[in-house]
Amino acid sequence: MSILRTQVRDLPAGQLVFPAGVAALAVYVLLGAADIVEPISAGAVGPRVLPYLVGGGMLVAALAALVSVLRGDLAEAEGGEDVDPDRHTSWLTVAALVALFALHIVLIAPLGWPLAAAVLFTGAAWTFGAKPRGRAAVIGTAIAFVLQTVFAGGLGVSLPPGPLFEGVPFLHG
Amino acid sequence: MSLLDGFATAAQPIYLLYALAGVFLGTAVGVLPGIGPAMTVALLMPLTYSLEPTAAFIVFAGIYYGGMYGGSTTSILLNTPGESASIVTALEGNKMARAGRGAAALATAAVGSFVAGTLATVALTFVAPTAADLAVRLGPVDYVALMVLAFLTVGALLGSSVSRGLVALTLGLFLGLVGVDAISGQQRYTLGVPVLTDGIDVVLVAVGLFAVGEALYIGSQLRKGPVHVVPITKGWRSWMSRQDWARSWKPWLRGTAIGFPIGTIPAGGADVSTFLSYASERRLAKGRSKEEFGHGAIEGVAGPESANNAAAAGVLVPLLTLGLPTSATAAIMLAAFQRYNIQPGPLLFENESALVWALIASLYVGNVMLLALNLPLVGMWVKILQVPRHYLYAGILTFAAMGAFAVNFTPADVVILVVIGVLGFFMRRYGYPVAPLVVGLILGPMFEAQLRRALSISEGDPATLVSSTFAVAVYASVLVVMGVSFWLRRRERGLEEVMAAEERAAGEPAATPADRAADKDKEMA
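Residues numbered from 1 in each chain as written. Chains lettered and ligands numbered in written order. Predicted model: local features only at pLDDT ≥ 70, side-chain atom pairs only at ≥ 80, totals over all residues.

1. Some points on the overall build of chain A
1) Next: For chain A, the count of helices and strands is five helices and zero strands.
2) Next: Order of helices (α) and strands (β) in chain A, N terminus to C terminus: α-α-α-α-α.
3) Next: Residues counted as buried form 45% of the 173 residues belonging to chain A.
4) Next: The contacts in chain A between residues at least 6 apart in sequence include a share of 53% that link residues at least 24 apart. (Helix = DSSP H or I, 4+ residues; strand = E, 2+ residues; numbered from the N terminus. Buried ≥ 20, exposed ≤ 12 C-beta atoms within 10 Å, placed from the backbone. Contact = placed C-beta atoms within 7 Å.)

This is the structure:
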């Protein structure tokens, strides 16, 4: 809820797709509720009751949101200190950040947490426009190892240091 | 007596140190632009993973109040307003800063927060045990009614439209269903994936929605160009003049009186209280103050900022005594309690008496620390405001990834984090509020347990749900709260229109996005 309201003025395609997607999820929730095994011992109210209520509620709410978009009530995108409401959404940035997360997740096991985190930080900083890139890489690596040292070494959170740093005591949780 | 025991605990040097760390980190992270109190608490949760419960909650209390303090600094000194709870502060505070009175705005916000925070904590000290005594007598039927109240107020009243709020709420309720049903032991919506059988951890959802979703959203629409921080004059003398004090103390007290009760009832939390305080200060202003409103009136900072902090303490009443979170931040705090297998509710004051009173005592301590820290360190907060945005958001994402991984030390949790983050991005992009989702997720399983308990006692007769006077009274109050809040919302909209009109009349450069959009339209035409 913001005082400075922002009208999203581009095509309402996404505005319609989102509630439609939620409506589809609601149908899945309702159909899936029928598949939940209801033991005879469950008594009057079994594990299916709330799923039916939630699915039904979700369907009604999503359809109501859909109707309100069709009637011209376009949503206000959220405001924020670093958000420029007049800029067009850069989907590429979002896709790049999600891809970086995927890479990070894959790298945790083979490389260990600090290197995987360095990749995530550096890549994200680049995506957000950090220049020069070399400096961002150095800062990213430094921050990843500081986090590893403080949380694994200091606070005992078991982040895996990875095969390269297996022998370094202060990186161990 | 119990409060004194609490102080005895909180005053141990090690716990004072934890409290200091909490308020310091909370303020530092809260000052960061784009980070509201809910995200501050969610992001800093991993810090407390390895602490024992008392230390963890003392740190948490510090983070909670510190995050609130930090937010007001941001909205006064940055040209671009941020999180909703302090956005009203930005209206007058930012204008004061630009008129060279930034130090006075920061000072009245800090002292007002201290006064309101302390008075509201005193109120909490007296109200909470009484409320807990009453709450012990509530049965499952009454809890069902209270949770319906919380669902409807949080779901339907936060955000701009009822249907969008309810979409968010039901999405949260659905995520709460995933996993093994605690009562019958049956799997629900697990898609045969082993990770999902344990359910979706609240930490993943909170960090995913608030940190990852927010960073993705900001990344997609990042404001380009340098960051403008309004410069402030240095030195003690410029903080508050005698006249500033004279104009501030009444708004502080009025803000407290408005904020605390609104915080305790689930009616939209801090947002509503800051707006109400702003509106009443504007109406009560006379003479010079009246002329200054809209151009930087100190009352417009003192009142809402106090209301904000008083509401933050008020929110703790239903959280601690009923186990009902009425804001996203409170929902995340509840998740933190559950990590330690502590269930907030009427029995908390009996079973975990030492912990609760240490927590409440540390709220007093934290408030004093914040007052002492905030003003002298203002130069440091300004530096934090200037952190390059690419490193800031890269850091938030990395920290979020670490917090998610540290929940169970499995990369699968980071996958869930990203999926929730993308959902959060789309919700922001298309104007769906995220707070109801968090509240739905955490209250859903509690609601189901109470509902099924109530109905199995009555052997399936739904009439049992209106069988207690308390429950009927709650359902009646749902109607009243809905009515009042729709009235408030209409007034809020009216006020916005008045202010937009004044802004145009004053011939200032277009300051609202709507105005900017209108200008753009003209250019295109």
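2. Side note on the interface of chain B and chain A
1) Next: Every contact between the two is made by 77 residues of chain B and, on the other side, 80 residues of chain A.
2) Next: If you list the elements that add at least two residues to the side of chain B that touches chain A, you get helix 7 (162–177), helix 9 (202–220), helix 18 (389–408), helix 19 (411–429), helix 20 (435–457) and helix 22 (513–524) of chain B.
3) Next: When the residues that make up the side of chain B that touches chain A are grouped by side-chain class, the tally is 40 nonpolar, 23 polar and 14 charged. (Nonpolar A, V, L, I, M, F, W, Y, C, P; charged D, E, K, R; others polar.)

3. Here we look at the packing of helix 3 (residues 91–111) of chain A against helix 19 of chain B
1) Next: Remark: helix 3 of chain A packs on helix 19 of chain B, axes separated minimally by 9 Å, with the N-to-C direction vectors making an angle of 170°. As far as their axial angle goes, helix 19 of chain B and helix 3 of chain A are roughly antiparallel. Contact with helix 3 of chain A, carried on its side by A:V94, A:V98, A:F101, A:I105, A:I108 and A:A109, involves B:P411, B:V414, B:V415, B:V418, B:V422 and B:F425 of helix 19 of chain B and no other residues of that element.
2) Next: Residues that form the contact of helix 3 of chain A with helix 19 of chain B fall into these classes: 12 nonpolar, no polar and no charged. (Axes fitted to C-alpha atoms, helices over the stretch in contact; angles between N-to-C directions. Parallel < 35°, antiparallel > 145°, perpendicular 65-115°, else oblique.)

4. Structural notes on the packing of helix 1 (residues 2–10) of chain B against helix 16 (residues 353–374) of chain B
All names here are of chain B.
1) Next: In the contact formed by helix 1 and helix 16, the axes pass within 7 Å of each other and the chain directions differ by 70°. In terms of orientation, helix 1 and helix 16 fall into the roughly perpendicular class. In contact with S2, L3, D5, G6, F7, T9 and A10 of helix 1, helix 16 contributes S353, A354, W357, A358, I360, A361, S362 and V365.
2) Next: When grouped by side-chain class, the residues that make up the contact of helix 1 with helix 16 number nine nonpolar, five polar and one charged.

5. What to know about the confidence of the model for chain A
1) Next: Averaged over every residue, the pLDDT of chain A is 85; residues scoring 70 or more account for 87%.
2) Next: Segment residues 1–10 of chain A is flagged for pLDDT under 50; beyond a separation of four residues in sequence, or across chains, it makes 30 contacts in the model. (pLDDT = per-residue confidence, 0-100.)

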